Amino acid sequence: MVTQPAFKAGERVHVRQVDSQGHIRTPHYIRGKTGVIERFVGFFRNPEELAYGRSGEPHRALYRVRFVQSHVWPDYGGAAGDTIDIDIYEHWLQPVNPS
Amino acid sequence: MSHDPADHHGHGDHAHGHRHPNQPDHDDTLTYYRKLEMAVRELLIEKNIISADEVRKVVENIESRSPEGGARVVARAWSDPQFKQALLEDATAACASMGFEMALYDVQLTVVENTPDVHNMVVCTLCSCYPRMLLGLPPAWYKSRAYRSRAVREPRAVLREFGLELPDTVSVRVHDSTADLRYLVLPMRPEGTEDMSEAELAAIVNRDSMIGTAVVAAPK
Amino acid sequence: MRAYHDLGGTPAGPIDHDEHALQLWEKRIEALLVLLTRKKILRIDENRRGLESLGSEAYFAASYAERRMLSMSNNLIMKGVISVEALAAKIAEIESRVDPLP
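No experiment lies behind these values; they were computed from the predicted model shown. (Residues numbered from 1 in each chain as written. Chains lettered and ligands numbered in written order. Predicted model: local features only at pLDDT ≥ 70, side-chain atom pairs only at ≥ 80, totals over all residues. Heavy atoms only, no water.)

1. What about the interface of chain A and chain C?
To keep things clear, this is the line we draw: A contact between two residues is defined here by any heavy atoms of the two lying within 4.5 Å. Buried area, as used here, totals the accessible surface that two parts lose on assembly, with accessibility defined by a 1.4 Å probe and the loss added over both. By salt bridge we mean one thing: a side-chain nitrogen of Lys or Arg within 4 Å of a carboxyl oxygen of Asp or Glu. The definition of a polar contact used here is a pair of N or O atoms within 3.5 Å, where within protein one atom must be able to donate a hydrogen and the other to accept one, and adjacent residues in sequence count solely through side-chain atom pairs. Note that Gly is not counted as nonpolar here; it falls among the polar residues with everything else outside the nonpolar set of Ala, Val, Leu, Ile, Met, Phe, Trp, Tyr, Cys and Pro and the charged set of Asp, Glu, Lys and Arg.
Contact residues are listed per partner, giving 17 residues for chain A and 11 residues for chain C. Between chain A and chain C, the buried area comes to about 1,100 Å², and carbon and sulfur atoms account for 47% of it. The partner of A:Arg31 in a salt bridge is C:Asp6, and the shortest N-O contact between them spans 3.6 Å. Linking chain A with chain C are five residue pairs in polar contact (both at pLDDT 80 or more), by the criterion used here. When grouped by side-chain class, the residues that make up the side of chain A that touches chain C number seven nonpolar, six polar and four charged.

In structure tokens form, the structure reads like this:
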């Protein structure tokens, strides 16, 4: 079991742009987008493995990641401050290095 | 076993003649899916995997859960700052302390707080995750294609369809409940309720305000 | 490629606010899922995966309760908990009952 989450609150992360098959808990619309870790939620068994009757181990770190809506939807019609929070597992996230 | 008549008549929602136009499978029509449910249930009972009594008890448990549960939690949070803090930090534990049985659902509960600056609303775009332990079974619209599709992309248009128009000074924060968390919105306590008891407060909290498609109005 | 159940952001019409009160048989489907989960026969993740394997036509044609039932029975067959033969025989027997819905 993993004991330390790789990311901490406030860190910028990139959601992997993976065109996979199988049971996936990362929505299609958020893949390839960049957000900020809002919080580390905990370690959970991996639902993408549990869905096939396997153990789901090792446990995976789960985060709540916050995205700015106008970044997620380029034609977003709401206010600039609108955001969306999504629960995303660590294996779907990559660090964004400040340039 | 069969679905014995006493059991069948004991439960209410279907009994008052509500007929949904898109739900032709009335309680008195033996559709394929009803046969499938009966067949699977009876086979599982014959194999001693489950019992008829267990099914009846779980149905009763499901029926015992309603938005009144969530409303009690909200009213407590409005009345007791310490409880509110505990609720926002660990909602699963805080609700368990009020007697809500969470173990049945194997998920973590999270409460998000509305403020003058932020309005939260909850959706599950991948399936229909919903805090059943506090609100009961989700309404049809929450499970619908329209809500699941649109709530993330045009939340303000969706809120307007629910009769809620928010100024741009309030940020709309959508929560797409994709994994092992279930979200409950803690609505803002309306003005003019300072003298109300916890029970009186619980009575004014509506279901949709805890999903985030409504607010709690001040009592007239 | 977006899977058909992965609906976020896809075009859709107005929201139907009509409240559909669940019938007893629909609540029983939820109860069966709770019991099978509690007894560690079926995980809710497996039932979700089953929903995503129904095909889009069946997924959108069926109601919420109906598709959860379909996924459940498919999963139980796949796991060997019930057999196709026993299920077919049981359905035929239910159809032959004088008053299947007392």
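2. Topic: the interface of chain C and chain B
This is how it is decided: Secondary structure elements follow DSSP: runs of H or I of four or more residues count as helices, runs of E of two or more count as strands, with numbering from the N terminus.
At the interface, 60 residues of chain C touch 67 residues of chain B. For the chain C and chain B pair, buried surface summed over both sides reaches about 6,300 Å², with 64% attributable to carbon and sulfur atoms. Viewed at the interface, chain B and chain C are joined by eight salt bridges. Ionic pairing is found between C:Lys39 and B:Glu54, a salt bridge with its closest N-O pair at 2.9 Å. In this structure, the connection of chain C to chain B is made through 20 residue pairs in polar contact (both at pLDDT 80 or more). Every element with two or more residues in the side of chain C that touches chain B is listed here: helix 1 (24–38), helix 3 (56–61), helix 4 (64–78) and helix 5 (84–96) of chain C. Tallying contributions element by element places helix 1 of chain C first for the side of chain C that touches chain B, with 13 residues.

3. Focus on the side chain of A:Asp85
Within the secondary structure, A:Asp85 is located in strand 4 (residues 83–89). Reaching out from A:Asp85, the side chain makes a polar contact with the side chain of A:Arg66 at a distance of 2.7 Å.

4. Some points on the nonpolar core
For clarity, the threshold we go by: Nonpolar cores were defined as sets of buried Ala, Val, Leu, Ile, Met, Phe, Trp, Tyr and Cys residues, with membership established by side-chain atoms within 4.5 Å. The buried label applies to any residue whose accessible area, calculated with a 1.4 Å probe on protein chains only, is under 20% of its type's maximum; exposed applies above 50%, and partly exposed to all values in between.
Formed by 78 residues in total, the largest nonpolar core has its most connected members in A:Phe67, A:Ile88, A:Leu93, B:Leu87 and B:Tyr147. Top element by residues in this core is helix 4 (residues 67–79) of chain B. It accounts for six residues. Beyond its immediate sequence surroundings of up to four residues, B:Tyr147 is in contact with B:Met121, B:Val122, B:Val123, B:Trp141, B:Tyr142, B:Val158, B:Phe162, B:Ile211, B:Thr213 and C:Ile15. Counting 40 residues, the second largest nonpolar core, distinct from the first, contains B:Leu43, B:Val58, C:Trp25 and C:Ile29.

5. Topic: the packing of aromatic side chains
For clarity, the threshold we go by: The criterion for an aromatic pair is that two Phe, Tyr or Trp rings (for Trp, the six-membered ring) have centres within 6.5 Å, with stacked assigned to planes under 30 degrees apart, edge-to-face to planes over 60 apart and tilted to the rest.
Counted according to the given criterion, the structure contains 14 aromatic pairs over all chains. Judged by centre distance (5.0 Å) and plane angle (75°), the rings of B:Trp141 and B:Tyr147 are edge-to-face. With a centroid separation of 6.4 Å and 70° between ring planes, the pair formed by C:Tyr4 and C:Phe60 is classed as edge-to-face. Taken together, the residues span a long stretch of sequence, with C:Tyr4 in the segment before helix 1 and C:Phe60 in helix 3 at a distance of 56 residues. Classification of C:Tyr4 as buried rests on a relative accessible area of 18%.

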